[in-house]
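# Secondary and tertiary structure notes
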Protein chains: 2
Amino acid sequence: MRRVPSSLIASALAPDPSSAEPLHKQLYERLREHILSRRLAPGLQLPSTRVLASDLVISRTPILHAIEQLKAEGYLEACIGSGTYVARFLPEQRMVATQAVALTGGSQSGGHRQPGFEARRVVPHKIRTIPRAAYRPFQSGFPALDEFPFVTWSKLLQHLQTRANSTLLGYGSPVGYLPLRRAIASYLTIARGMRCDEDQVIVVSGAQQAFGLAVRALAEPGDSVLLEDPGYFGAQTAFDASSVKLLPVPIDQDGLIVPDMHEGARARILYTTPANQFPLGVTMSVARRRQLLNWAHKSGVWILEDDYDGEFRYSGCPLPSLQSLDFTGSVIYVGTFSKVLFPGLRLGYIVVPAHLVEVFVAAKRSFDYHCPMIEQFVTAEFINDGHFARHIRRMRTLYLERLEALLEAARAEMNCEFEIRRPDAGMHVVARLGQGVDDQAVATDAAHLGISTIPLSSCYLGPDRISGLVLGFAGYKPQQIRSAMQKLSTVIAAHSCARRA
Amino acid sequence: MRRVPSSLIASALAPDPSSAEPLHKQLYERLREHILSRRLAPGLQLPSTRVLASDLVISRTPILHAIEQLKAEGYLEACIGSGTYVARFLPEQRMVATQAVALTGGSQSGGHRQPGFEARRVVPHKIRTIPRAAYRPFQSGFPALDEFPFVTWSKLLQHLQTRANSTLLGYGSPVGYLPLRRAIASYLTIARGMRCDEDQVIVVSGAQQAFGLAVRALAEPGDSVLLEDPGYFGAQTAFDASSVKLLPVPIDQDGLIVPDMHEGARARILYTTPANQFPLGVTMSVARRRQLLNWAHKSGVWILEDDYDGEFRYSGCPLPSLQSLDFTGSVIYVGTFSKVLFPGLRLGYIVVPAHLVEVFVAAKRSFDYHCPMIEQFVTAEFINDGHFARHIRRMRTLYLERLEALLEAARAEMNCEFEIRRPDAGMHVVARLGQGVDDQAVATDAAHLGISTIPLSSCYLGPDRISGLVLGFAGYKPQQIRSAMQKLSTVIAAHSCARRA
């Protein structure tokens, strides 16, 4: 027999002292309401009237009255010598309808939902959902989690024990924890050749938040945002859910094709991944970078530069970021710790022109006040103690090995129809499938064999789509990569044959 | 003499292999651009041509060419036997204008900003900024940070060391970490008498994020949100920045005055703090709760119930939350760990009707993917190990003592004109000032004495404002409270006298 603490029942029945209705009537209605809603479930034993009276700080008389009436109506049952129970078979059969009735005070006429009610309550706009990323080949976006020096991280967490103070536990600044912003600015200046100081750095909850922040700070609902097409689904989702219009921008071998001035006049923001275009892996040429900056300057469009995995470059000279080439204050630079540390950390940063700091900080404040302090403390120490640079160097070598393993495994399976261009940077490759092969169907079949891929066609906004698969390699051991590639090539071969047949 | 690592200079100069322009011309332009922009500062020594050639993986010839030309034009200077330097006096005097010129490839005509450029770049909407909360009497919102069992928290952090896995480090689910959602649901059911299961609980980055999420999930830009007036500035900021209209709802002694159906027809969401109205401290009566739910049901408006400090109730029977009285799926319940644990954690939760889970999760995903995993792990363990309930019980006793200290200190200073009603719950009181006393001026003067207060008039949206001060007491020791109250009463007395004079 289920029992519920008497204090809980008392709190659910608490009469309203200011009400004109007599106590016994109020108690009767509350009890009936909770029985009808099954909050007090059939078969549940009520506390004794003495206990209820004490919990509610009222006399027993109104409680006895209410219970008698509910027994008479069949809502409660008495078992002699063992107390009062909620009836197993309630007088009402129309349970669902009467839940609403109970609320409107028992009037039968108000019980049914008004016409138009459901329509008003319909969720006004659909937000795109993305399936959860599983940590298995070839899910992209995952770094080598098993290679992360978590023991070091834990030691830094332990050091905090003696340093608990109001800076660590209290409200922080929306702009971010100053030592972390300093560490980021100095890392970006030294390692990435950027031109920024700590005052321009704002700590955010990963790159995903940066996209929404940029819209809140720089655009208004109904404004347009230009995006690389194909492009990063996370950015597409963020912009889409922020009530701005999405305008696709095509890509060629030099990066995104700079829009004409007419398109610039329609848009507020242009989103781009110049270091390693997601998903195609194109590095934007320097000439294109200058052309883009020139266009942004003239058209008044803000550039949102997402440098999500620029740390991992395997060949050639690293090109300067758009931010470092920009002398007009047009570029907002977005970086993330999800790839170089670990995704569960949910920390990233943006570097904004000095005159935009205030509005971005206000936007961050309106979003979620600020990022968690413990995470910011530990990340700052991890960078300042040199673990960060060391980890990146180690991972660059490791990821290059894993890239080679993937390319080799792909070559070994050359009998099936796909083509992988060796990328210059990053943590994923694109396998192009033969024309007419349905990449979504391949991805679905691969998933059944325990292999995650992103169909290239799903990354497009526009109608012209290339069939292919986005394959992440950084997170997986060569052995896992080889075994997954074998299975994947079987699936691709089956689909390519089916197409030819 | 400043020196810059040669690799940095090389990366800034990196020529574009795909460009039709000869190498020496490209190098010349990059160098000139960086000199004009002061990225290569006057007096800076350049690396030797040999080092540059090696860093850029090109021959020395084009480098020598470029440098000779820049010397000839006066951008660089040679000191015999000690290398090449950026000239201290550049040929251009019009430095600001030429920064833009450099970008457009040196054409003088394109150098000046187009008319209308600045206008387009103006930040489109102002986001309200709120001064940062300092941890000192009587700043509201702070729990007793020095009483938080951080040693226990640190031990739980340490336990993670052996448990590093892809769940902790990788991407998590936008809905939140399941064991934490379970712990929250069970806490809410047992301790707060709520009706919910874990599937309805979504973990968010504090209550602040919950407000924005509700707008993204349930409203569209231009829709209206009804808010208690006076009300919580954090919610006002979140709604305002989300591009919805704010409609004030007045308060009486029973809580917010339920709007008429006409107003309901104009709004999407109604925001309320029924357990302890912020800032006035009114507890919404049960009759008013029923009336509000009935209205919400009929008008189709969603209720956003912010239960920010309902854990700390000092007298009377706790009233059931709106969520627990609602049988129509109209209530979104918001809770936070900022008050019962610590603000720097940035964790909170929302409980939504089952049919809204999907859209809220998609909204959370679009905002920032999910909350940090380590924080969620430790919070779940802290609750499940019983530390959470223990800490709340301890704090309830402590805060009551601190409330008494504040009331006593206020009585001791009764010679000055202010009136504090004893609150039934929460972590702050409101001190009403005499009519005509300017609470903003009092707050400013108090701040000069190291005392933080929120002027009551600043919490209003509408024009009818009561003069008063919001005083937080939970975070401060009785001795601090007494000393701050003495200083504050001096300030208030001065302003009251000034008014009478």
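Cut-off values and rules
- Sequence order sets the numbering: in each chain, residues are counted from 1 along the sequence as written.
- Each chain takes a letter, starting from A, and each ligand takes a number, starting from 1, following the order in which they are written.
- The model is predicted, so local features are restricted to residues of pLDDT at least 70 and side-chain atom pairs to those at 80 or more, both for listing and for counting; the totals for chains, interfaces and linings are taken over all residues.
- Only hydrogens and water are set aside; all other atoms, that is, all heavy atoms of the structure, feed into the side-chain values.
- Only runs of H or I of at least four residues qualify as helices and only runs of E of at least two qualify as strands under DSSP, and these elements are numbered from the N terminus.
- When a residue's accessible area, from a 1.4 Å probe over protein chains only, is under 20% of the maximum for its type it is buried; when over 50% it is exposed; and in between it is partly exposed.
- Here, two residues are considered to be in contact whenever any of their heavy atoms come within 4.5 Å of each other.
- In short, Shrake-Rupley with a 1.4 Å probe defines the accessible areas, and a residue's cover is counted only from the protein chains shown.
- Pairing between strands is defined by DSSP: at least two bridges between the two strands are required.
- Joining two parts hides part of their accessible area as seen by a 1.4 Å probe, and the buried area is that hidden amount summed over both.
- Any Lys or Arg side-chain nitrogen located within 4 Å of an Asp or Glu carboxyl oxygen qualifies as a salt bridge.
- The term polar contact refers here to a pair of N or O atoms within 3.5 Å; inside protein, the definition further demands a hydrogen-donor-capable atom paired with an acceptor-capable atom, and it admits residues adjacent in sequence only when both atoms are side-chain atoms.
- Per-residue confidence from the predictor is reported as pLDDT, which spans 0 to 100.
- A least-squares superposition brings the copies together, and it is based on the C-alpha atoms of residues with pLDDT no lower than 70 in both.
- For Phe, Tyr and Trp, rings pair up if their centres lie within 6.5 Å, where Trp contributes its six-membered ring, and each pair is then called stacked (planes under 30 degrees apart), edge-to-face (over 60) or tilted (otherwise).
- The criterion is that NZ of a Lys, or CZ of an Arg, lies within 6 Å of the ring centre and within 35 degrees of the ring normal, and then a charge sits over that ring.
- Here a cavity denotes a set of grid points, spaced 1 Å apart and computed over the protein atoms alone, in which a 1.4 Å probe fits but from which it cannot get out, and a pocket denotes an open set meeting protein on both sides within 12 Å along at least five of seven lines; residues with an atom within 4 Å of a point are reported as lining.
- Grid points are joined across faces, edges and corners, and a volume is the space filled by probe spheres set on the points.
- Each residue gets one of three labels, nonpolar for Ala, Val, Leu, Ile, Met, Phe, Trp, Tyr, Cys and Pro, charged for Asp, Glu, Lys and Arg, and polar for the others, Gly among them.
- Among buried residues, those of type Ala, Val, Leu, Ile, Met, Phe, Trp, Tyr and Cys that are joined through side-chain atoms within 4.5 Å constitute a nonpolar core.
- For the handedness criterion, the strands are oriented away from the viewer, and a crossover whose path from the first strand over the helix to the second runs clockwise is classed as right-handed.
- Note on method: axes are straight lines fitted to C-alpha atoms, helices fitted across the in-contact stretch only, with angles between N-to-C directions ranging 0 to 180 degrees.
- Note: the arc covers the axis-to-C-beta directions of the helix.
- We call a pair of cysteine sulfur atoms a disulfide when they lie within 2.5 Å.
- Here a crossing is taken to be left-handed if its near helix is turned anticlockwise relative to the far helix by less than a right angle, and right-handed if that turn runs clockwise.

## Considering the overall build of chain A
Counting its secondary structure elements, chain A contains 19 helices and 14 strands. Evaluated residue by residue, chain A yields a buried proportion of 62% over its 501 residues. Looking at chain A alone, contacts between residues at least 24 apart form 72% of all its contacts between residues at least 6 apart. For chain A, the exposed surface amounts to about 18700 Å²; the carbon and sulfur share of it is 54%.

## A closer look at unusual backbone geometry
The omega torsion across F278(A) and P279(A) is 5°, close enough to zero to call that bond cis. A cis amide bond links P137(B) to the next residue, F138(B), at an omega of -10°. Here V57(A), not a glycine, exhibits a phi torsion of approximately 55°, which is positive. Relative to the assigned elements, V57(A) resides in the loop between α3 (49-56) and α4 (60-73). Residues other than glycine seldom take positive phi values, yet Y369(B) does so here, at roughly 70°. Mapping Y369(B) onto the fold places it in the loop between α15 (357-368) and α16 (373-384).

## Thoughts on the pairing of strand β7 (residues 267-272) of chain A
Residue and element names in this part refer to chain A. Within β7, 6 of the 6 residues are buried, which leaves it mostly tucked inside the rest of the structure. Judged from the 4 bridges that link them, strand β4 (residues 224-229) and β7 form a sheet pairing that is parallel. Counted as the bridge partner of L227 is Y271 from β7. Strand direction decides the pairing type here: β7 and strand β8 (residues 302-306), joined by 4 bridges, are parallel. Residue pairing across strands places T272 opposite E305, the latter belonging to β8.

## Concerning the interface of chain A and chain B
Often, the extent of an interface is quoted as the loss of accessible area upon association of its parts. Listed by partner, the interface residues are 120 residues for chain A and 121 residues for chain B. Approximately 10600 Å² of surface area, both sides summed, lies buried where chain A meets chain B, with 59% of it carried by carbon and sulfur atoms. Summed over the shared surface of chain A and chain B, the number is 2 salt bridges. With its nearest N and O atoms 2.8 Å apart, the salt bridge here joins E33(B) to R290(A). Where chain A meets chain B, there are 24 residue pairs in polar contact (both at pLDDT 80 or more).

## Re the confidence of the model for chain A
Residues and elements named next belong to chain A. A residue-level look at chain A finds 87% of positions with pLDDT of 70 or above and a mean pLDDT of 86. Overall, residues 92-124 carries pLDDT values under 50, and its contacts beyond four positions in sequence, including any with other chains, amount to 58 contacts. Predicted complex metrics record ipTM = 0.79 and pTM = 0.80.

## Side note on the relation of the copies chain A and chain B
Here the second copy of the chain follows from the first by a rotation about an axis and a shift along it. Between chain A and chain B, the superposition needs a rotation of 180° and an axial shift of 0.0 Å, giving an RMSD of 0.2 Å. Here the symmetry operator amounts to a two-fold rotation axis.

## Points about the environment of A87(B)
All names here are of chain B. One can find A87 in the loop between β2 (83-86) and α5 (95-103). For the pair formed by A87 and A41, sequence separation is 46 residues and the distance between their alpha carbons is 8.6 Å. Residues within four places of A87 in sequence aside, it is in contact with P42, G43, G74, Y75, L76 and E77.

## Re the pattern of salt bridges
Oppositely charged side chains may form a pair once their charged atoms are brought near each other. All names here are of chain A. Tallied over the entire structure, the rule returns 30 salt bridges over all chains. Ionic pairing is found between E29 and K25, a salt bridge with its closest N-O pair at 3.6 Å. Note that E29 and K25 are positioned in helix α2 (residues 23-36) at a spacing of 4 residues, about one turn of the helix. Taken together, the shared-partner salt bridges connect E21, K25 and E29 into one network.

## Re the packing of aromatic side chains
Scanning the model with the defined rule gives 47 aromatic pairs over all chains in all. Relative to F142(B), the ring of Y135(B) lies with its centre 4.9 Å away and its plane at 40°, an arrangement referred to as tilted. Its relative accessible area of 3% is what places F142(B) among the buried residues. Three or more aromatic residues link up through ring pairs in this structure, and these residues are F211(A), Y232(A), F233(A), F239(A), Y271(A), F278(A) and Y308(A). The ring of Y369(A) carries R365(A) above its face, with NZ or CZ at 3.7 Å from the centroid.

## Focus: empty space enclosed by the protein
Rolled over the atoms, a probe as big as a water molecule pinpoints where empty space is left. Per the counting criterion, the structure on display carries 4 cavities of 30 Å³ or more. When its volume is computed, the largest cavity comes out at roughly 250 Å³. What lines the largest cavity is a set of 21 residues, among which R216(A), S242(A), S243(A), R216(B) and S242(B) lie closest to the centre. At the level of elements, α10 (206-218) of chain A together with α10 (206-218) of chain B are the ones that each hand at least two residues to the lining of the largest cavity. For the lining of the largest cavity, the residue count by class is 9 nonpolar, 8 polar and 4 charged. Considered as a void within the structure, the second largest cavity measures approximately 90 Å³ in volume.

## Considering the nonpolar core
One finds W153(A) and W153(B) to be the most contacted residues of the largest nonpolar core, which totals 154 residues. In this structure W153(B) touches I374(A), F148(B), L341(B), F342(B), L345(B), V378(B), T379(B) and F382(B), once residues within four positions along its chain are discounted. By size, the runner-up hydrophobic cluster in this structure holds 126 residues, among which are A219(B), I251(B), A267(B) and L280(B).

## Some details on the pairing of strand β4 (residues 224-229) of chain B
Remember that side chains alternate between the two faces of the sheet whenever the strand is regular. Residue and element names in this part refer to chain B. Across the 6 residues of β4, 6 count as buried, placing the element largely inside the fold. The alternating pattern of β4 places S224, L226 and E228 on one face and V225, L227 and D229 on the opposite face, and all of these are buried. Here 6 bridges tie β4 to strand β5 (residues 245-252), and the two strands are oriented parallel to one another. Its bridge partner lying in β5, E228 is registered against V249. Tracing the backbone out of β4, into helix α11 (residues 233-241) and back to the parallel element β5 gives a crossover that is right-handed.

## Side note on the environment of R346(B)
Topologically, R346(B) is positioned in the loop between β9 (331-336) and β10 (348-351). Those residues in contact with R346(B), other than ones at most four positions away along the chain, are Y171(A), D368(A), Y369(A), H370(A), C371(A), P372(A), V204(B), S205(B), G206(B), Q208(B) and S338(B). For R346(B), the side chain forms a polar contact with the side chain of S338(B), separated by 3.3 Å.

## Things to note about the sheet that holds strand β12 (residues 428-433) of chain A
Residues and elements named next belong to chain A. The strand order across the open sheet formed by 4 strands is β11-β12-β14-β13, and the pairing between neighbours is antiparallel. Looking at the sheet topology across the chains shown, the edges are occupied by β11 (418-420) and β13 (454-455). For β12 and strand β14 (residues 468-472), the ladder comprises 5 bridges, and the chain directions are antiparallel. Bridge pairing in β14 links R432 to G468. Packed onto the sheet, helix α17 (residues 387-412) meets β11 and β12 and runs at close to 155° relative to β11. The sheet contacts of helix α18 (residues 439-448) involve β12, β13 and β14, and relative to β14 the element is tilted by about 40°.

## Observations concerning the sheet that holds strand β6 (residues 255-256) of chain A
Residue and element names in this part refer to chain A. The strand order β3-β10-β9-β8-β7-β4-β5-β6 describes an open sheet built from 8 strands, whose pairing is mixed. The open sheet has two edge strands, β3 (201-204) and β6, and neither has a second partner. Across 4 bridges, β3 lies against strand β10 (residues 348-351) in antiparallel orientation. For I202, the partnering residue across the bridge sits in β10 and is I350.

## Here we look at α18(A)
Residues and elements named next belong to chain A. When α18 is considered as a whole, its buried residues turn out to be D439, V442, A443 and A446. Axial view of α18: buried residues confined to an arc of 100°, hence all on one face. Two to three positions downstream of the cap, the backbone nitrogen of Q440 sits 3.0 Å from a side-chain oxygen, assigning the N-cap of α18 to D438. Residue G450 follows α18 closely and has a positive phi angle near 85°.

## Examining the state of the cysteines
Counted by the stated rule, this structure contains 0 disulfides over all chains. Its sulfur unpaired, C371(B) is 11 Å from the next cysteine sulfur, which belongs to C371(A). Residue classification places C371(B) among the buried residues on the basis of a relative accessible area of 2%.

## Side note on the packing of α10(B) against α11(B)
Residues and elements named next belong to chain B. Put simply, α10 and α11 touch, their axes get as near as 9 Å, and they point 35° apart. Handedness of the α10/α11 crossing: right-handed. Residues Q208, F211, G212 and V215 of α10 touch α11, and the partners they reach there are G234, A235, A238 and F239.

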